[in-house]
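# Observations on chain architecture
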Amino acid sequence: MADDTDASKAGVSRRSYLKAGAAGLASLSFASGAAAGREAEAAGTANAGGATLIRDGTVVTVDPDHGVYDTADVLVRGGEIRRIEPNIAAPGADVIDASGAIVVPGFVNAHLHTWESGVRGVAGNWTFMEYLEKMLGNISSHYRPEDAYLGNLFGAVQQLNAGTTTILDWFHIANTPDHTDRAIDGLQDAGVRALFTHGPPGDNSAKWWENSSVPHPDDIRRLARERFPSDDGLLTLAMGARGPDYSTDEVTRHDIELARELGIPVSIHIGSLGPGGVATLDDLDLLGSDLNYVHANRLTDEEFRLMGASGGSISTTAEVELQMGMGMPAIGDAVDAGATPSVGVDIVSNVSDDLFTQLRTAVQVERGLRNQPAVERGEQIQDVTPTAHRALEYATIEGARALGLADRIGSLTPGKRADITIIDGEDLNTAPVHDPVETVVFQAGVENVDTVLVDGTVVKRNGLVHNATAQNHLDRLEQSGRRILREAGL
């Protein structure tokens, strides 16, 4: 894959980069200051008309009306996808040569505790109960506002590096309004699209997570008024409610009704400890299409039916769920019940933070579950479900639906916002590309993500992330994480 900008001719290429060396970010490479400046200048000159042209790529739109183009161009103007067709003429546009590459919608990570990037890799042997005790009962209480900023900044930048353009950021260290504000600042400085999901403080797990009788912090009203006065920006607001598994019925009702008063969606961890949570919501007459259910591993068939009938969505985080003993990933149950299926990472304190890994895990586990009855009968399976194309939908358009953003993102459709990921199809692990969808879902990884656009803005190009703020704060992230763990006695 080549690049036609003057900056590329000046020596900015996929292999001309500055390696990052801190806090487990070795795979995250930033453009050097001089190289980034040359590329930005060239792009600015070429882009005087406000247009970007992605040229000659294999375009997987994830839109049934457009399908897959073997070779086509994507014209972006004003942050919007304007046209998708071969041989688009766009004089003055900034041209990104996508020949030999696969162009897909930016991935949607439907569940992420972004702040935990500062303590990456400490929970790989923890059970779910150990996580609740050590992370939400100890580590989270040692976070300062600047730690929340750094965690969200680098957690979001790493998502962009991995081809994910939208995240549901479930923020449950809202220890003070300053913690919350700095976390939002981190997302803004990263340049990611995010549903900032305001949760409870992380300063006292017994108070907030053990049949809590304390309602959601009222600071969410300030956020709705001051930080999120409209819902048409890159960052939008949601509530991270604890729900019936972790709070009393009175608190559950109060919190969901507060979110509905504010006109924002709700995401709830449910079903990891056992069944009954959705039935309780039904008894309280609180079910609705604005509810996003996280995990849902141990729910009953009737509870899945209730979620589907009410238009809810389910976010599966397969790798975490398998490790921590929550139960088998429930993405198949979501599909069967008619609920919107989506995938997420959850916590980078113990698992990989890229959606390639999480999607493959969820899909192959689901295939295994569906295959098992035939295996036990001593028979051969007759088909493989879900398909690769359906899997890609889980990570794109279905994730967008789960976050209430399907009218803006999730497919490459003229009129939608230009959240786009370009995957190199000529790398050793992706070439030759016979089926672009299978290549993306089953072959590609972070190392193949060449270029990423969010709302039409290029945030990664030629394998290099363009974010001077993050590049200049790498050392601070490492220092932050080490201090937090030291104070937590870990």
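Residue positions are counted from 1 within each chain, in the order its sequence is given. Where totals are concerned, whole chains, interfaces and linings use all residues; where local detail is concerned, this predicted model gives features only for residues with pLDDT of at least 70, and gives and counts side-chain atom pairs only at 80 or more. The basis for the side-chain values is all heavy atoms of the structure; hydrogens and waters are excluded.

Strand order in the open sheet made by the eight strands is β8-β9-β10-β11-β12-β13-β14-β15, with parallel pairing throughout. The sheet is open, and its two edges are formed by β8 (107-112) and β15 (340-343), each paired on a single side. Taking the axes of each pair of neighbouring strands and ignoring which way they run, one obtains an average angle of 25° across the sheet. Paired strands are those between which DSSP finds at least two bridges. By the criteria applied, helices consist of DSSP H or I runs no shorter than four residues and strands consist of E runs no shorter than two, each listed in order from the N terminus. In this structure, strand β12 (residues 266-270) lies alongside strand β13 (residues 291-295), joined through five bridges in parallel fashion. Following the sheet pairing, Ser-267 is matched in β13 by Asn-292. Working rule for contacts: check all heavy atoms of both residues, and any pair within 4.5 Å makes them a contact. Here an axis means a line fitted to C-alpha atoms, over the contact stretch when the element is a helix, while the angle between two N-to-C directions is reported on a 0 to 180 degree scale. Running over the sheet, helix α8 (residues 249-262) touches β11 (235-241), β12 and β13 and is turned about 165° from β11.

We now examine the nonpolar core. Counting 120 residues, the largest nonpolar core has Ile-139, Phe-196, Leu-281 and Tyr-293 as the members making the most contacts within it. Beyond its immediate chain neighbours, meaning those up to four positions away, Leu-281 contacts Pro-244, Thr-252, Ile-256, Ile-268, Ile-270, Leu-286, Leu-287, Leu-291 and Tyr-293. For this analysis, a nonpolar core means a set of buried residues of the types Ala, Val, Leu, Ile, Met, Phe, Trp, Tyr and Cys, connected via side-chain atoms within 4.5 Å. For each residue, the accessible area found with a 1.4 Å probe, counting protein chains only, is set against the maximum for its type, and the residue is called buried under 20%, exposed over 50%, and partly exposed in between. Listed in part, the 17 residues of the second largest apolar core include Val-74, Ala-418, Ile-422 and Leu-453.

It is worth spelling out the pairing of β15 at this point. Burial of β15 is two-sided: the residues Thr-340 and Ser-342 facing one way and the residues Pro-341 and Val-343 facing the other way are all buried. Note that strand β14 (residues 313-316) and β15 share four bridges and pair parallel. Among the inter-strand pairings, Ile-314 is bridged to a residue of β15, identified as Pro-341.

Along the chain, the position of Thr-430 falls in the loop between β16 (420-424) and α16 (436-443). For Thr-430, a relative accessible area of 3% translates into the label buried. In terms of polar contacts, Thr-430 uses its side chain to reach the backbone carbonyl oxygen of Asp-424, at 2.9 Å. With residues near it in sequence (within four places) discarded, Thr-430 still touches Asp-424, Gly-425, Thr-439, Ala-444 and Asn-448. Identification of polar contacts relies on pairs of N or O atoms within 3.5 Å, with a donor-acceptor requirement for protein atoms, meaning one able to donate a hydrogen and the other able to accept it, and with residues adjacent in sequence counted only if both atoms are side-chain atoms.

Looking now at the pattern of salt bridges. Once the charged atoms of two side chains with opposite charge are near each other, the side chains can pair. Each reported salt bridge corresponds to a side-chain nitrogen of Lys or Arg within 4 Å of a carboxyl oxygen of Asp or Glu. Scanning the model with the defined rule gives 33 salt bridges in all. Among the ionic pairs, Arg-461 bridges to Asp-94, the shortest N-O distance being 2.9 Å. With Arg-461 in strand β18 (residues 457-461) and Asp-94 in strand β6 (residues 94-97), the pair connects residues that are 367 residues apart, well separated along the chain. In this pair, the class of Arg-461 matches that of Asp-94, namely buried. For Glu-130, the salt bridge is made with Lys-134, and the minimal N-O distance between the two is 4.0 Å. You can see Glu-130 and its partner Lys-134 sitting in helix α3 (residues 128-134), four residues apart, about one turn around the helix. The exposure class assigned to Lys-134 is partly exposed, which follows from its relative accessible area of 25%. Look at the salt bridges and you will find they share partners, linking Glu-146, Asp-181, Arg-182, Asp-185, Asp-219, Arg-222, Arg-225, Glu-226, Arg-227 and Arg-476 into a network.

Per residue, pLDDT measures the predictor's confidence, with a range of 0 to 100. In this model, the protein chain carries an average pLDDT of 91, and 91% of its residues clear a pLDDT of 70 or more. Contacts from residues 3-26, a stretch scored under 50 in pLDDT, to residues over four places away or in other chains number 60 contacts. Counted against residues more than four places away or in other chains, residues 41-49, with its pLDDT under 50, gives 13 contacts.

With that out of the way, let us pick up the packing of helix α5 (residues 177-190) against helix α7 (residues 219-227). The geometry of α5 relative to α7 is characterised by a closest axis approach of 11 Å and an angle of 40° between their N-to-C directions. What the angle tells us is that α5 and α7 run oblique. Relative to α7, α5 is oriented so that their crossing is right-handed. Where α5 abuts α7, its residues Pro-177, Thr-180, Asp-181, Ile-184, Asp-185 and Gln-188 lie against Asp-219, Arg-222, Leu-223 and Arg-227. Residues are grouped as follows: Ala, Val, Leu, Ile, Met, Phe, Trp, Tyr, Cys and Pro are nonpolar; Asp, Glu, Lys and Arg are charged; every other residue, Gly included, is polar. Within the contact of α5 with α7, the residues separate by chemical class into three nonpolar, two polar and five charged. Angle categories: roughly parallel below 35 degrees, roughly antiparallel above 145, roughly perpendicular from 65 to 115, and oblique for all the rest. It is the rotation of the near helix from the far one that decides the hand of a crossing: anticlockwise by less than a right angle makes it left-handed, clockwise makes it right-handed.

Working definition: rings of Phe, Tyr and Trp (its six-membered ring) pair if their centres are within 6.5 Å, and the pair is stacked with planes under 30 degrees apart, edge-to-face with planes over 60 apart, and tilted otherwise. With the rule as written, the count across this model stands at six aromatic pairs. Considering the side-chain rings of Phe-107 and Phe-356, the 5.1 Å spacing of their centres and the 80° angle between planes classify their relative orientation as edge-to-face. Here Phe-107 is found in strand β8, whereas its partner Phe-356 is found in helix α13 (residues 355-376), with 249 residues between them in sequence. Residue classification places Phe-356 among the buried residues on the basis of a relative accessible area of 3%. In textbook terms, an aromatic cluster arises when at least three aromatic residues are bridged by ring pairs, as seen for Trp-170, Trp-209 and Tyr-246. Each ring is checked for a lysine NZ or an arginine CZ that lies within 6 Å of its centre and within 35 degrees of its normal; such an atom marks a charge sitting over the ring. Lying over the aromatic face of Tyr-149, Arg-182 brings its terminal NZ or CZ to 4.1 Å of the ring centre.

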